[in-house]
Amino acid sequence: MGIVKVSDALHDELRHASGVMQRSINAQAEFWLKIGRLAELNQDKTFAELIRAELTGTELTRGSYNE
């Protein structure tokens, strides 16, 4: 586990989004990081395709990090 510093404005956005999505602030940040990384590594995929792939376990390019 690590600490990531974010701006106050981004933290406010995280707080709002986490309330809407019924996630903790940390879970929302982790979701955004994961989807953002997948989007960078799979630029030919839409957001919906990335979510579908995650839900179905379809293999995507994930980079070198461990989940």
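From a predicted model like this one, the values you see are computed outputs, not experimental measurements.

**Remarks on the pattern of salt bridges**
Using the criterion set out here, one finds two salt bridges in the structure. One salt bridge in this structure joins E54 and K34, with 2.9 Å as the shortest N-O distance. Note that E54 is positioned in helix α3 (residues 47-56) and K34 in helix α2 (residues 25-41), a separation of 20 residues in sequence. Given the relative accessible area of 24%, E54 is considered partly exposed. Note that K45 is salt-bridged to D44, the shortest N-O span being 3.3 Å. On the basis of relative accessibility, which here comes to 62%, the residue D44 falls in the exposed class.

**Quick look at the side chain of S18**
By the secondary structure assignment, S18 is in helix α1 (residues 8-21). The exposure class assigned to S18 is buried, which follows from its relative accessible area of 6%. S18 has contacts with R23, S24, I25 and Q28, leaving out every residue within four places of it along the chain.

**Some thoughts on the confidence of the model for the protein chain**
Low pLDDT marks stretches whose predicted atomic positions should not be read closely. Mean pLDDT for the protein chain: 89, with 93% of residues reaching 70 or above. Ranking the elements of the protein chain by mean pLDDT puts α3 last with 93 and α1 first with 96.

**So, the packing of α2 against α3**
Each pair of packed helices can be summarised by the angle the axes make with each other and by the distance between the axes. Two elements in contact, α2 and α3, have axes separated by 10 Å at closest approach and are oriented at 110 degrees. One finds that α2 runs roughly perpendicular with respect to α3. Every residue of α3 that contacts α2 at F31, K34, I35, L38 and A39 is listed here: F47, L50, I51 and E54.

About the thresholds
Residues numbered from 1 in each chain as written. Predicted model: local features only at pLDDT ≥ 70, side-chain atom pairs only at ≥ 80, totals over all residues. Heavy atoms only, no water. Salt bridge = Lys/Arg side-chain N within 4 Å of Asp/Glu carboxyl O. Helix = DSSP H or I, 4+ residues; strand = E, 2+ residues; numbered from the N terminus. Buried < 20%, exposed > 50% of the residue type's maximum accessible area, 1.4 Å probe, protein only. Contact = heavy atoms within 4.5 Å. pLDDT = per-residue confidence, 0-100. Axes fitted to C-alpha atoms, helices over the stretch in contact; angles between N-to-C directions. Parallel < 35°, antiparallel > 145°, perpendicular 65-115°, else oblique.

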